[in-house]
Amino acid sequence: MRIDDTFHDGELFVQRRAGEAEMAQRNGGVIADTVPKGALRFIGQQPLVVFGSLDPEGNVWASVLVGEPGFLAAPDERAVELNVTQRRSSEDDPFWANIETNASVGMLVIELATRKRLRINGQIRRLDDTRFEVGVEQTYPNCPKYIQRRHLSRLSPIAPPRLAPTRCGTSLGKDEKALIASADTLFVASANPEHGVDASHRGGRPGFVRVLSDRRIRIPDYVGNSLFNTLGNFTVYPRAGLVFVDFDNGLVLQLTGRAEVLWDQEDPDDETAGTRRFWDLEVERWLETPLPLQLRWELLDYSPYNPNPRRVTPVAKTTLQLTVARVRQETDRIKSFRLTAIDGSELPAFTAGAHLPVSIQLADGKRVPRHYSILSSPSNRNHYEIAVLLEPDGGGGSRFMHEQVRENDIIEAETPRNDFPLLDDANHSLLIAGGIGITPILSMLRSLASKRASLEVHYAARSASSMAYRDAVQALSDGQARFYLSEGPTAARMNLDQLLSMPRSGTHVYVCGPRRMIEAARELAAKHGWSPSQIHFESFGARSTGKDREITVRLARSERTISVAASQTILDALLEADVSVPHDCKRGECRLCVTEVIDGQPEHRDVCLNTEEREGSMCLCVSRTQGANLVLGL
Ligand SMILES: Cc1cc2nc3c(=O)[nH]c(=O)nc-3n(C[C@H](O)[C@H](O)[C@H](O)COP(=O)(O)OP(=O)(O)OC[C@H]3O[C@@H](n4cnc5c(N)ncnc54)[C@H](O)[C@@H]3O)c2cc1C
Ligand code: FES
């Protein structure tokens, strides 16, 4: 059930002042009074949750609680349970005393590895000696912008004598300032005592929080979901609790104090990416508690949304001019291209799983990027090797590569980017490839083989003649490769159910191949109890099928009608028509572009939505419709 009259006066004031009142009304539609069914299991899988609470003096505190997965559970849509026997964070956290005197709490259930998060506000009560229950009053899925992807691993308890002592103070010392100044993530709690407590996330490039003095820090306020719960709360109740986590040293730093919203500020370094809005925390108390767990919080990548303020070194995105040093026909439909720097110098470094955005020219002369995974070894900086499958019905990218690109030509590309990184700390890597999906898997295989890491490879293709790089896979895997063919006299299909039947701690699974293979692998991994953070996948995104037709899309809320050409995605058509739709991966993976479908029959081509979610929504970056019309909740 949705909630009406969602916003309090403070939120309405900030929404109006920021000029985002209309957007807030629109986005406020996602707020509900129960946990979405699809999120019940998600909650039970998380080892980390953020709470906001109020102490008897009215100070706001943000707390990060960690525990063995299962310490948090949502038995139904109206309640979330917290089991303290499974909790592994400090008892000195003021949260435990606060909830004895004030039951209002804000929760943020967040999975950094997938950027999924869900906010839950409600009242907490003790069920018995070991369990608390949060009665759900408000929930909503938050937008995953500005979340740095992190992989959380190694949950092993530390013996109490080795724990650092709890420290506290009223002004920040050298160590606290250093932690804050290098942070890329913080959690903030705010409150409107009449409406309850909120817990939220803030992220940015390291250094996005500025330490102004021993008692004051400044946080830029980026463009968000327009709801302004946190800033709205500050307007009526100017107090905040912040928490920073130093996982390298196993410390949690909590700050509480007065919050002040700063509008229309001078912003010469463009720290706010255009909003010119900041908020300050005047620190009144801080508390540093040890984390009684050995955790590794490995950074996978920064959010692509993070603004790059001028005072922080931007990540270079350079155009490369590359010579096509060698073209080779690998199979009937796959050609490989060896690319070198035109002056023969070393190429920019890349990591296993990375891809190269190559500029290709369509038949109408338009230049567009197409992405190709680098299959060569990351340790070889003399060349990048890519392989392109010819898509005869495609929009022209692969045809350009196959028909126009010759040896000694110069092509343009951007520096490699990696959305499918290989983790260093796995005990074992299970690599699964289907068809042309072998390309990123090959660079992973080269990387693992060079370190003699434990691995196995499972590679499926339609037929022996369409299976590229079989010999290379065989040689690199030292007998740990299995090959599967779906056609021909020796046909034997890959049995994903069997491969994933036993979750193995310390094992990471990497899947690249057709959409159905990725969907099946994810479903089976979930069914057999693998943690989502052990399953990594990359799909190669939307394809025109040759049978796609023009679609008419009606936007119910803004009352506009947009036509989507057969050779276009719905997302691209909306963006071209200046309709603002959050998006990132454009491959149906990140969920950012998921939109409510009011009428029409979507044809789902994503790899992120489950069956229930598909009933009322779709990914605009890849999916289309079975008919010619769609009505969207935009
Ligand atoms: C990270 C990544 C790595 C990749 N690695 C490889 C690789 O190693 N080898 C390889 O062969 N390919 C790879 N691809 C796929 C490759 O980038 C191209 O998509 C592919 O070559 C087909 O391009 P095309 O122009 O021939 O066909 P198209 O199907 O026309 O091109 C696909 C693009 O067209 C758009 N599009 C056009 N019409 C539609 C429609 N009706 N519905 C949906 N989308 C439409 C999509 O935005 C999509 O980006 C990779 C893709 C990604 C994202
Ligand atoms: S943009 Fe990532 S799922 Fe659509």
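Everything discussed here concerns the structure shown above.
Residues numbered from 1 in each chain as written. Chains lettered and ligands numbered in written order. Predicted model: local features only at pLDDT ≥ 70, side-chain atom pairs only at ≥ 80, totals over all residues.

**Q** I would appreciate a short explanation of helix α1 (residues 9–17) in the present structure.
**A** Residues that lie three or four places apart on an α-helix share one face, since the helix turns once every 3.6 residues. Among the residues making up α1, those that are buried are Gly10, Glu11, Val14 and Gln15. Angular distribution of buried residues about the axis of α1 spans 130 degrees; they occupy a single face of the element. Each element contacted by the buried residues of α1 is listed here: α2 (21–27), β10 (185–192) and α6 (229–236). Taken from the residues just after α1, Gly19 is the one with a positive phi, measuring 75 degrees. (Buried ≥ 20, exposed ≤ 12 C-beta atoms within 10 Å, placed from the backbone. Helix = DSSP H or I, 4+ residues; strand = E, 2+ residues; numbered from the N terminus. Arc of directions from axis to C-beta. Contact = placed C-beta atoms within 7 Å.)

**Q** Honestly, the environment of Asn233 in this entry has me stumped. Any pointers?
**A** Within the secondary structure, Asn233 is located in helix α6. With 224 residues separating them in the primary sequence, Asn233 and Asp9 have C-alpha atoms 9.0 Å apart.

**Q** What should I look at first to understand the sheet that holds strand β2 (residues 60–66) in this one?
**A** Hydrogen bonds between backbone groups are what pair the strands of a sheet, and the pairing can be parallel or antiparallel. Spatially, seven strands are ordered β2-β1-β5-β6-β7-β4-β3 in an open sheet, and the strand pairing comes out antiparallel. Taken across any chain shown, the strands that pair with only one partner, and hence form the sheet edges, are β2 and β3 (72–76). Across this sheet, the average inter-strand angle for adjacent strands is 30 degrees, counted without regard to direction. Here three bridges tie β3 to strand β4 (residues 79–83), and the two strands are oriented antiparallel to one another. If you follow Asp76 over to β4, its bridge partner there is Ala79. (Pairing = 2+ DSSP bridges. Axes fitted to C-alpha atoms, helices over the stretch in contact; angles between N-to-C directions.)

**Q** Whenever I open this one, the pairing of strand β5 (residues 104–111) confuses me. Can you help?
**A** Side-chain direction in a regular strand flips from residue to residue, so the side chains alternate between the two faces of the sheet. Buried residues dominate β5, accounting for eight of its eight residues. Here β5 shows a buried face lined by Ser104, Gly106, Leu108 and Ile110 and a second buried face lined by Val105, Met107, Val109 and Glu111. Across eight bridges, the pairing between β5 and strand β6 (residues 116–126) is antiparallel. The residue bridging Gly106 from the neighbouring strand is Asn121, located in β6.

**Q** How should I be thinking about the sheet that holds strand β33 (residues 617–619) in this particular structure?
**A** One open sheet holds the five strands; their spatial order is β30-β29-β35-β31-β33, and the pairing between them is mixed. Two strands bound the open sheet, and with one partner strand each, they are β30 (560–564) and β33. Within the sheet, the average angular offset between the axes of one strand and its neighbour, ignoring direction, is 40 degrees. In terms of strand pairing, strand β29 (residues 551–555) meets β30 through five bridges, oriented antiparallel. The residue of β30 that forms the bridge with Ile551 is Val564.

**Q** Can you help me understand helix α11 (residues 515–527) in this one?
**A** With 13 residues, α11 extends 18 Å from end C-alpha to end C-alpha; this agrees with the ideal 18 Å at 1.5 Å per step. When α11 is considered as a whole, its buried residues turn out to be Arg515, Met517, Ile518, Ala521, Arg522 and Ala525. Structurally, α11 contributes buried residues whose contacts are with β24 (428–434), α10 (496–499), β27 (507–512) and β28 (535–538). The first or second residue beyond α11 is Gly529, which carries a positive phi of 90 degrees. (Expected span 1.5 Å × (residues − 1).)

**Q** Could you clarify how one ought to interpret the packing of α1 against α6 in this entry?
**A** Angle between the axes and distance between the axes are the two parameters that describe a pair of packed helices. Running from amino to carboxyl end, α1 crosses α6 at an angle of 115 degrees, the nearest separation of the two axes being 7 Å. Considering how the two elements wind past one another, α1 and α6 form a crossing that is right-handed. For the pair formed by α1 and α6, the contact residues are Asp9, Gly10, Glu11, Phe13 and Val14 on the first element and Asn229, Leu231, Gly232, Asn233, Thr235 and Val236 on the second. Looking at the contact of α1 with α6 residue by residue, the classes come out as four nonpolar, five polar and two charged. (Left-handed = near helix turned anticlockwise from the far one by under 90°. Nonpolar A, V, L, I, M, F, W, Y, C, P; charged D, E, K, R; others polar.)

**Q** I would appreciate a short explanation of the environment of Ile334 in the present structure.
**A** Checked against the element boundaries, Ile334 lands in strand β19 (residues 334–341). Counting along the chain gives 237 residues from Ile334 to Leu571, while the straight-line C-alpha distance between them is 29 Å. The contact partners of Ile334, leaving out residues within four places of it in the chain, are Ala387, Val388, Leu389, Ile436 and Ala468.

**Q** Before we go on, may I ask you to explain the nonpolar core in this structure?
**A** Note that soluble globular proteins tend to have their nonpolar side chains buried in a common cluster. In this structure, Ile386, Leu431, Ile441, Leu445, Val511, Ala521 and Cys619 are the most contacted members of the largest nonpolar core, which totals 84 residues. The greatest single-element share of this core, amounting to six residues, is contributed by helix α8 (residues 438–450). With near-sequence residues (within four places) excluded, Leu445 lies in contact with Leu431, Val457, Val473, Leu476 and Ser477. In terms of nonpolar packing, the next biggest core, distinct from the first, is built from 74 residues, Leu48, Val136, Phe244 and Leu251 among them. (Core = buried A, V, L, I, M, F, W, Y, C linked by C-beta atoms within 7 Å.)

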